[in-house]
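# Examining the three-dimensional arrangement
Now for the letters of each chain:
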Amino acid sequence: MYVCVCNALNENTVREAARKSKGSQSAVKVYQSLGVKPQCGMCLCDAQNICNSEKSIQRAS
Ligand code: FES
């Protein structure tokens, strides 16, 4: 399922990028690490939730 339609990013792609950034990045920075940037911005809340989820997982491990 796409998280970001504008950039064709699915959940796994965003989650993996957030994981590689050690869970400390904002959604915008995670997008930058993938070589894209937000366009319409409709996805940022969901993308940030994914980043926060990865941050929580990394803190717990
Ligand atoms: S859906 Fe992600 S920037 Fe538009």
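What you see is a predicted model, and the numbers here were worked out from it, not measured in a lab. Sequence order as written defines residue numbering, which begins from 1 separately in each chain. Only residues with pLDDT of at least 70 get local features here, since the model is predicted, and only at 80 or more are side-chain atom pairs given and counted; chain-wide, interface and lining totals rely on the full set of residues. The side-chain figures draw on all heavy atoms in the structure; neither hydrogens nor water molecules are used.

### Some words on the side chain of Arg15
A helix here means a DSSP run of H or I that spans at least four residues, while a strand means a run of E at least two residues long, and both kinds are numbered starting from the N terminus. Examined against the element boundaries, Arg15 turns out to sit in helix H1 (residues 11-20). Exposed residues in this analysis have more than 50% of their type's maximum accessible area, buried residues have under 20%, and partly exposed residues fall in between, with area computed by a 1.4 Å probe over protein chains only. Since its relative accessible area comes to 16%, Arg15 is described here as buried. A polar contact of 3.2 Å, which involves the side chain of Arg15, links it to the side chain of Ser53. Discounting residues that sit within four places of it in the chain, Arg15 has contacts with Ile50, Ser53 and Glu54. Between N or O atoms, a polar contact is any pair within 3.5 Å; within protein, one atom must be a potential hydrogen donor and the other a potential acceptor, and residues adjacent in sequence are included only when both atoms are from side chains. Contacts are residue-level and defined by heavy atoms, with any inter-residue pair within 4.5 Å sufficient.

### With respect to the pattern of salt bridges
Criterion for a salt bridge: a side-chain nitrogen of Lys or Arg within 4 Å of a carboxyl oxygen of Asp or Glu. Evaluated as defined, the whole model comprises four salt bridges. Glu11 is the partner of Arg15 in a salt bridge, and the nearest nitrogen-oxygen pair spans 2.9 Å. Residue Arg15 and its partner Glu11 are located together in helix H1, separated by four residues, close to a single helical turn. Residue Glu11 is classed as partly exposed on the basis of its relative accessible area of 33%. Measuring nitrogen to oxygen at the nearest pair gives 2.9 Å for the salt bridge that ties Arg15 to Glu54. Within this pair, whereas Arg15 is found in helix H1, its partner Glu54 is found in helix H3 (residues 44-60), the two being separated by 39 residues in sequence. A relative accessible area of 2% places Glu54 in the buried class.

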